[in-house]
Amino acid sequence: MLKVSHVKKSFKKLAVLKDISLETQAGELVHISGVNGCGKSTLFKIIVSLLKADSGEIQH
């Protein structure tokens, strides 16, 4: 299970992630898509603890 609750992340004054929430179950496949610079990689880096979110919670 992965639960992302109300995650926010900014770099200087640029808000990259604004109140992101999602929940997945074990074995579930999830596709996250978007244009360049929309925060996909930032979200994954927060999930695997390479970056710290400004606020919100990640549960594994």
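Since the structure is predicted, the reported quantities are computational estimates derived from the model, not experimental observations. (Residues numbered from 1 in each chain as written. Predicted model: local features only at pLDDT ≥ 70, side-chain atom pairs only at ≥ 80, totals over all residues. Heavy atoms only, no water.)

Draft legend 1. Quick look at the overall build of the protein. The helix and strand tally for the protein stands at one helix and three strands. Listed by position from the N terminus, the elements making up the protein come as β-β-α-β. Radius of gyration (C-alpha) of the protein: 11 Å, near the 10 Å computed for a compact globule of 60 residues. Structurally, the protein occupies a C-alpha span of about 35 × 25 × 20 Å along its principal axes. Here the protein holds 60 residues, and the buried ones make up 23% of them. Looking at the protein alone, contacts between residues at least 24 apart form 47% of all its contacts between residues at least 6 apart. Roughly 4600 Å² of accessible area belongs to the protein as shown, and the carbon and sulfur atoms make up 54% of that amount. (Helix = DSSP H or I, 4+ residues; strand = E, 2+ residues; numbered from the N terminus. Rg over C-alpha atoms; globule rule 2.2 N^0.38 Å. Buried < 20%, exposed > 50% of the residue type's maximum accessible area, 1.4 Å probe, protein only. Contact = heavy atoms within 4.5 Å. Areas by Shrake-Rupley, 256 points an atom, 1.4 Å probe, with all protein chains shown as cover.)

Draft legend 2. Representation of helix 1 (residues 40-47). All buried positions along helix 1 are accounted for by Thr42, Leu43, Ile46 and Ile47. Angular distribution of buried residues about the axis of helix 1 spans 140°; they occupy a single face of the element. Looking at the buried positions of helix 1, the neighbouring elements they touch are strand 1 (2-11), strand 2 (14-24) and strand 3 (55-59). Trailing helix 1 by a residue or two, Ser49 shows a phi angle of about 70°, which is positive. (Arc of directions from axis to C-beta.)

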